[in-house]
Structure formats: structure tokens, C-alpha cells
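Descriptive structure summary
Listed below, chain by chain, are the residues.
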Amino acid sequence: MIIDQISVFLENKAGSVGRVTSMLAAAGINIKTFTLEDGSDFGILRMILSDTELGYNILKEAGVNVYKNKVVSVASPDEVGSISKIFKKLADNDISMEYIYAFHDVDTPKVIIRTKDLQHCDEIIG
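As a starting point, this report considers the structure included with it. (Residues numbered from 1 in each chain as written. Predicted model: local features only at pLDDT ≥ 70, side-chain atom pairs only at ≥ 80, totals over all residues. Heavy atoms only, no water.)

**Here's the deal with the pairing of strand β1 (residues 2–11)**
With eight bridges joining them, β1 and strand β4 (residues 65–75) adopt antiparallel strand pairing. Within β4, the residue paired with I6 across the bridge is K68. Examined bridge by bridge, β1 and strand β3 (residues 42–49) share six bridges and lie antiparallel to one another. Its bridge partner being in β3, E11 is matched across the sheet by F42. (Pairing = 2+ DSSP bridges. Helix = DSSP H or I, 4+ residues; strand = E, 2+ residues; numbered from the N terminus.)

**Quick word on the environment of T115**
In this structure, T115 sits in the loop between β6 (108–114) and α4 (118–125). As for T115 and E98, which are separated by 17 residues in sequence, their C-alpha atoms are 5.3 Å apart. The residues touching T115, leaving out its near neighbours within four places in the chain, are I95, S96, E98 and C121. Within the structure, the side chain of T115 is placed 2.6 Å from the backbone oxygen of S96, a separation counted as a polar contact. (Contact = heavy atoms within 4.5 Å. Polar contact = N/O pair within 3.5 Å; in protein donor to acceptor, adjacent residues only side chain to side chain.)

**Notes on the pairing of strand β2 (residues 31–38)**
The two faces of the sheet receive side chains in turn, since in a regular strand these alternate between them. When β2 meets β3, the two strands line up antiparallel, connected through seven bridges. Each bridged residue has a counterpart across the sheet, and for D38 the counterpart in β3 is G43. Count of turn residues in the β2/β3 antiparallel hairpin: three residues.

**Quick look at helix α1 (residues 16–26)**
Within the sequence span of α1, burial applies to S16, V20 and L24. Viewed along the axis of α1, the buried residues span an arc of 65°, placing them on a single side of the element. When the buried face of α1 is taken as reference, the exposed residues oriented beyond 90 degrees from it are A25 and A26. Along its buried surface, α1 packs onto β1, β2, β3 and α2 (52–61). Among the residues trailing α1, G28 stands out with phi positive, at a value near 75°. (Buried < 20%, exposed > 50% of the residue type's maximum accessible area, 1.4 Å probe, protein only. Arc of directions from axis to C-beta.)

In C-alpha cells:
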């Protein structure tokens, strides 16, 4: 399933992540999952939120460097080899991944995939 994700570009300094997550919490927005990629001067905080539009608007209005984009969310059975099967399908169809991360949504593991061809990726593994 193709879903929205927000990406926040943060200075690599103490308190940056807490500032963003506090703003979302104050608005009653749940962070379902996140990943943080760091660099020497900045980091990219990617998040799936309970209310993407509201979260995006709150951060944008606060002057946070935030972007919204699409990713593919794939449910994966909680069993050995299930994620490997997803990646094999993608490779067999010549779909490369820009990045991935995963989380448990209630009792169902989910894999978040960013690729250049979201529609094709979703059709292959959806």
C-alpha cells in the first residue's frame, strides 16, 4: 500500500529530535514509526504518523524543514524468511530500494520501502 511519510531535516545537535516529537505529541499525533539517518551536520528524521497532514502542517508552520513524500508499506508475516521473499520479488523485477525500515503495527510486522517506482513496487508485493 502506498502511504505518506514525512521527512524532517534537522541540525545534528542535542534537542533537535525532541523538539519535533514534542510538537507532534502536543497536537495529539502518534508517531507510528521513525528512522533517523545522521550526517556530519544534519540528520533526516523520517516518520509515519497517525495524521500526516496535520503533522506536516504543524511542523511547516513552526519553521521546521519538513517534506512529505510517498512510500510503500508492506505487511510481512512474522515468520522466518518473509522479508527475504519481499526483497527477492523486488530484485526479480529489477526494483531497487533507496531505503527501508520496519516496525510492528499491533501484531503485524510492516516494511516501509522507498523506491523510484512506487506503483510498480506496490503491484509486485501488494
